[in-house]
Each structure stands twice: as C-alpha cells, then as structure tokens.
Amino acid sequence: MRNLKSRKLENSLFLFFVYAFLFLSIGILSFFFLFLAKESLPLFENVSLPSFLFSSKWNPMAFTGTASFGIFHFLMGSISVSFLALLFSTLLSLGCGIFFAFYFWEKGRRILYPLLDLLSGIPSVVYGFIGLTVGKPLFLKMGVSTGSCVLLAAVLLSILIFPFMVDSITDSMVKLKAKYFLEARALGLSSAYIILRLILPSSLRSIFLAFLLGSGRALGETMAVMMVVGNANLFPKLLSKGETIAALIALEMGSAEYHSLHYHALYASGLVLLLLVALIHLLVKMGERPRTSYSTSQAPRPNRGTAESPSVHFPENREEVEPPSIATGKRATASRSFSAVLLFLYSFLSFLLIFSALLFFFFYIFYKGYKVISPSFLLEAPKGMVLGEEGGIFPAITGSLAFSLTALVLSGLPSLFTAIFMVFYAKEDRKKESLHFFIHLLSGVPSIVLGLFSYSLFVYQLKLGRSVLSGAIALAIMIFPFMEIRMEKIFEEVPKSYLQSSESLGCSKGYAIRRLVLPYTLPELLSTMLLAFCFALGATPPILFTGGVAFAKSPTSLLSPAMALPLHLYLLLVQGGSSLSRAYGTALVMLFLLLIGNGIASLLTAYYHRKWQK
C-alpha cells in the first residue's frame, strides 16, 4: 500500500515538473517576443514604417537637424550576403550529397559525419578570423580596394553553413536511394539516369526546405560577416563594402543611449530581422505539410510520375517503339556515359572543395597557433601595454566555462521536460503545431537579438549589470531550442512497443518514462547537452553587451563580469599588431575544447546506439 502511494506521489510530482517547466518555457518564449515588440514600437511614433524600411539614411547622432533611421541598405545587405552564401552552399552541398549517397562507401560516410558535426560547432568568430587573415589579403591582391566586400562575406558565410546543408541534403539522398535505387537498377537503368531523372526530382522539395532553413541561419549570422563585409552604409555590390542588420546592432548597441530613438531603432531592426526569419519558418512549415490525398476517382494516372514518386513509363506493346538504329544507340550510349562522367566529376569536386575548405580552417589555425601554446599562456592572465600582448588566457577560459555551464543549468531541465511533454503527452492538434513552430522559430532567432534582449532587461532594467548571469540567460535562451528539438528526436526513436508493454503491465506513463525511457536514452541526452555546451562556448553576440568584458579576473560569482574566449579573440583581432599571434593561440584553444566536447558527444551517441541494438 505504501509503495502504491509513493508511486502515485512520484507520478504526480513528475507530471507537475513536466507541466511547470513547459509553462515556464512558453512564458519565456512569449515574453521574449512581446518585449522585442514593446521596445520597437516607440520608434514608429517619430518615424514612419515606410521611411524606416525604404530610406537609406541612417544618422542616429545628428547634431544639427533631426536624426534619421532608414535600414534599406542594411536590409539589402543582409538579403544579398545570405542569398549569395546560400547559392554557393546549395550548389556545392548538392554535389557533395550525391557523392556521399551514391559514390562514397558507407563506413567512410559514418566516419566523416561526426567531422561535419564538429565543423558545425566552430565559432563564427573563428571563421571571421580566417576571413580577416586569409580572405581579406587575397581580395586585396585581386584588386578590391580594402579587401572587405560583400562577396568575401558571402563566401565565408557559405563555408559556415556547409555542414548544415550537406547533412540535410545527404539525408534526403540516402533515404531516396534506399527507396528507388535497387528497383531502378534491376530495370537496367544506369546510376546517372537514376540520380538525374528519379532522385533529384524527388529531392527538390527537401533541397528547397534545406535552402529555406539555411537562409534563416545565414540571415542571423553576426560575427563572421561583420568582420569581413566592410560595415559601410552602402547599397550592396559584389566587390564593394556593405553592412547587415545583425552587424549594425552589434556595432551600435554599445553606443546607443538607453530608451533613446537610436536604442528603439536598433530594436526595430532586430524585429525586422526576426520577422524575416519567421516568414522563412512559416514557408518551411507550409512546405512540410503532406499533400492533400486524392480520392480514387481523382487519382492521377499511374504512368505519370510525381515529385514524391517518379515513375518511368514503359509502353505496354513492344510494337509501339520503333527499334533505334545502331548509330542512334551509340550516340545515346555515349551521351549517357558523358553525363555519368560529368555527374561524378561535379559531385567529387564539390566534396573535395567543401572538405578542403573546412579542413584548411583546422590546419591553418593549428599551424599558426601551436607555437604560442605554453603553460604560461594557458594558466596566466593577459598582460602588456596592449592587453593580451603578453601573459595568457586563463581568465577567458574560466569565464567561457562559467557562461556555458550556467546556461546549460538554466536551460537543461526546461528543454528536457518540454521535449517529454511534446512526445509523450501532447495531443496532435494545432496547439502542438503552434508550440513546435515557436520553438523552431526561436532556434532561428539571431543570437545578437537575444543579446539585445538580455542587455536591456537584465543589465539595465533589473540592474544586474554586466555579469555571468546576464550573459548566461541569453545563452540559455539560445541553446534551449537546440536541445529541445534534439531531445524530441531522441524520444521519438524509442520504440512505442516499450511503452505499450509497460502500460499493459499496469505501469503508468510517467513511471515508464522515468524507469525505462530516461535511463536508456541517458547517453544520447548527455551527448545533446554536451553539444549545447560547446554551442554556448563559441557564441559571441549574446555576451557582447551582457557579461563579457575586455579584462577581468576569473569569475567568483554569477553577478561578476567575466572574460570569454570568443570575445577575447575578437578584441585581439581588433587590436592587431603584436596581439595577432596570441589570437591564433586563442583560436586553437577554442577549437581544442570543442574537439574534446564533440568527441565525447560522439562516443556517447555511439554507446547509445549499441545499447539500443542489444
């Protein structure tokens, strides 16, 4: 009897925590969006919406006359850089996906996939660092006056989103290969014909969705683009300077007076960026909806292929087809062989370019930075007339760990219990769809906008000042959707028969989740949290104005400011000169920490899959 009562109490407490953290998550999400709108609206009492969107005059500190706020050039800069980056990335990622799915051996793909995950975790400030030290001098030699331009920013951004695009497109290709390839080969069709006529038409929808999701990621990128685009209020041209909305916020938020028109204009700019991302996610949501099924009388004729199920028409009567001549057959064979060679070359060169570019980042940073690494560099504080010119980076390492660990603690349980609710308790209705949409939308919110939110609310209004807590809250909101979405996928992979069997034995759903689902998914859940920790470790914009400072001792409390590795790297780059060698060492330490974190996460994931197979 006592066991029964204690079990009921455990179930009630578990359900209470599920709903408590769910409502906490919904409340924070709703408050974030409402706060952003509230801080934006005062601008439009003085500036009309058309003037704000379509004027190119941005002069927030006019000493004579009135200040002007027009973001047209910044808006066009964001769209231009993102579109060019996605164009480059999609073309190469498509070829790489074909190579992975059809020409690369399966074990090799399993080896390279964790490398893609690792590369996706490289902080954007490191990409910007490579752009400044390698890309900018290269463009100077090509005749670009300052080296900084829209094209360089687009190339750098395309490399940054390669891992995401390759992963999305390859998954689609592999699934379609399993569905069509063997049957089509049994009919005597060549591999090139199958890829060009069956697989590619079938995967167009998935490629388009990957393009849209990539555009949300590209629009919100701050540090990498800001460091190489030139940051000039000009209409974007390929080989001239430009500026994006995210860069505008990052550069001017520190100089904007609290609750001034300038401050509200930056919030309004962030809101415009968020609305663009929301529109993209809405298009993705519409694209993911299954197509309306037809009744039998309206069904299409079976010999007509569709995007989902392409088919090849074979004539019923052999006499319908006139036998081709020998010359025609030879030409067709030669044409098919030429197409097969071109397809292989395109896919192989795409694979080679992508992985060469990504591996170059590692080896270049290692080659330039290993000479700086020493015990004093790792264990001392920065020194010198120019900060960082001497000494080490120990306070930056401890500060980054403090920011990331605090963010993980703040967002770990809310993301876990929200995922449990979405998979095991939520009904399939519009409420669940709406919550899914807002979580995915939050995953696309530019990190600089999260920093802006935390800066206003926690630094100013709640008087926390620049502190580990203020920065960690912004990071926690950033990594919440990252963890929640991955945890949902983990729980969805649990066989439904396990829960059904436990319920048939009289066990409640909460008991089955606690005693069966959570223990067996623990390695994968820990892997997700570790990846989120690495994600937070490399983020710069959320802590730019909230907790990160140029110099501080190792943090002793949550209310003290702290240094951080990505911010320290950015400041060393801005200083230039003798600090540059230290910047390479700082970047190498960041990559090493990420390598350790991602390596442990990959081992935990492998352990999880072996455990489930047993």
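Quick look at the structure, then. (Residues numbered from 1 in each chain as written. Predicted model: local features only at pLDDT ≥ 70, side-chain atom pairs only at ≥ 80, totals over all residues. Heavy atoms only, no water.)

1. Observations regarding the overall build of the protein chain
The helix and strand inventory of the protein chain stands at 20 helices and four strands. Relative to its full complement of 614 residues, the protein chain shows a buried share of 50%. Residue pairs in contact within the protein chain that sit at least 24 positions apart in sequence constitute 79% of those at least 6 positions apart. Carbon and sulfur atoms provide 65% of the accessible area of the protein chain, an area that totals close to 30,000 Å². (Helix = DSSP H or I, 4+ residues; strand = E, 2+ residues; numbered from the N terminus. Buried < 20%, exposed > 50% of the residue type's maximum accessible area, 1.4 Å probe, protein only. Contact = heavy atoms within 4.5 Å. Areas by Shrake-Rupley, 256 points an atom, 1.4 Å probe, with all protein chains shown as cover.)

2. Structural notes on the pattern of salt bridges
Taken as a whole, this structure holds two salt bridges when the rule is applied. Between Glu-39 and Lys-38 there is a salt bridge; the shortest N-O distance is 2.8 Å. A residue is classified by how much of its surface remains accessible, and Glu-39, at 1% relative accessible area, is buried. Here Glu-380 and Lys-383 are joined by a salt bridge, their closest N and O atoms 3.7 Å apart. (Salt bridge = Lys/Arg side-chain N within 4 Å of Asp/Glu carboxyl O.)

3. Quick look at the packing of helix α3 (residues 72-103) against helix α7 (residues 191-219)
Any two packed helices are characterised by the angle at which their axes cross and by the distance between the axes. One can describe the packing of α3 onto α7 by two numbers: an axis separation of 9 Å at closest approach and a directional angle of 140 degrees. When the interaxial angle is binned, α3 and α7 end up oblique. Crossing hand, α3 versus α7: right-handed. In this structure, α3 contributes Ser-78, Ile-79, Ser-82, Phe-83, Leu-86, Leu-87, Thr-90, Leu-94, Ile-98, Phe-102 and Tyr-103 to the contact, and α7 contributes Ile-195, Ile-199, Leu-200, Ile-207, Phe-211, Gly-214, Ser-215, Ala-218 and Leu-219. (Axes fitted to C-alpha atoms, helices over the stretch in contact; angles between N-to-C directions. Parallel < 35°, antiparallel > 145°, perpendicular 65-115°, else oblique. Left-handed = near helix turned anticlockwise from the far one by under 90°.)

4. Re the environment of Leu-358
Within the secondary structure layout, Leu-358 lies in helix α11 (residues 326-369). Here Leu-358 falls in the buried class, since its relative accessible area comes to 1%. Residues Leu-358 and Leu-160 lie 198 residues apart in sequence; the distance between their C-alpha atoms is 8.7 Å.

5. Description of a nonpolar patch on the surface
A cluster of nonpolar residues, Val-341, Phe-344, Leu-345, Phe-348, Leu-349 and Leu-352, forms a patch on the protein surface that exposes about 490 Å² of accessible area. The residue Leu-345 is located in helix α11 in this model. (Patch = residues over 30% accessible without salt bridge, like charges linked within 9 Å, V, L, I, M, F, W, Y side chains within 5 Å.)

6. Quick notes on the packing of aromatic side chains
Going through the model one piece at a time under the given rule, you end up with 42 aromatic pairs. Measuring from centroid to centroid gives 5.6 Å for Phe-366 and Tyr-370, while their planes differ by 20 degrees, and the two rings are stacked. The partly exposed category is assigned to Tyr-370, whose relative accessible area is 40%. Note on Tyr-455 and Tyr-460: the rings are 5.2 Å apart at their centroids and 85 degrees apart in plane angle, and the pair reads as edge-to-face. The exposure class of Tyr-460 is partly exposed, given its relative accessible area of 30%. In this structure, Lys-177 is placed above the aromatic ring of Phe-181, and the distance from its NZ or CZ to the ring centre is 5.7 Å. (Phe/Tyr/Trp six-rings, centres within 6.5 Å; stacked < 30°, edge-to-face > 60°. Lys NZ or Arg CZ within 6 Å of the ring centre and 35° of its normal.)

7. Concerning unusual backbone geometry
Phi is positive for Asn-231, which is not a glycine, with a value near 55 degrees. Note that Asn-231 resides in the loop between α8 (223-226) and α9 (245-252). The exposure class assigned to Asn-231 is partly exposed, which follows from its relative accessible area of 26%. Non-glycine residue His-259 carries a positive phi angle of around 65 degrees.

8. As for helix α18 (residues 509-537)
The end-to-end C-alpha separation of α18 is 36 Å, well short of the 42 Å expected for 29 residues at 1.5 Å each. Of all the bends in α18, the greatest, near 60 degrees, is centred on Leu-522, and the proline Pro-523 appears no more than four residues after it. (Expected span 1.5 Å × (residues − 1). Bend = angle between axes of the 7 residues up to and from the residue.)

9. Quick look at the environment of Ala-101
With respect to the helices and strands, the residue Ala-101 is situated in helix α3. A relative accessible area of 1% means that Ala-101 is categorised as buried. Measuring from C-alpha to C-alpha, the distance between Ala-101 and Ala-178 comes to 9.8 Å, with 77 residues separating the pair along the chain. With residues near it in sequence (within four places) discarded, Ala-101 still touches Arg-109, Met-173, Val-174 and Lys-177.

10. As for helix α6 (residues 150-186)
Maximal helix bending in α6 amounts to about 50 degrees, located at Ile-161; proline Pro-163 follows within four positions. Where α6 ends, the next residue or the one after it, Gly-188, has phi of about 90 degrees, a positive value.

11. What about the environment of Leu-416?
Inspection of the secondary structure assignment puts Leu-416 in helix α13 (residues 394-425). For Leu-416, a relative accessible area of 12% puts it in the buried group. When neighbours within four sequence positions are excluded, Leu-416 is seen to be in contact with Met-487, Phe-491, Leu-518 and Leu-525.

12. A word on the side chain of Thr-170
Structurally, Thr-170 can be placed in helix α6. Only 2.6 Å separates the side chain of Thr-170 from the backbone oxygen of Val-166, close enough to count as a polar contact. Not counting residues up to four positions away in its chain, the partners in contact with Thr-170 are Gly-97, Phe-100, Arg-109 and Tyr-113. (Polar contact = N/O pair within 3.5 Å; in protein donor to acceptor, adjacent residues only side chain to side chain.)

13. Section: the packing of helix α5 (residues 124-141) against helix α19 (residues 565-575)
One can describe the packing of α5 onto α19 by two numbers: an axis separation of 10 Å at closest approach and a directional angle of 20 degrees. Overall, the two elements α5 and α19 adopt an arrangement that is roughly parallel. Crossing angle aside, the handedness with which α5 passes α19 is left-handed. Facing α5, whose interface residues are Val-125, Val-126, Phe-129 and Leu-132, α19 presents Pro-566, Leu-569, Tyr-570 and Leu-573.

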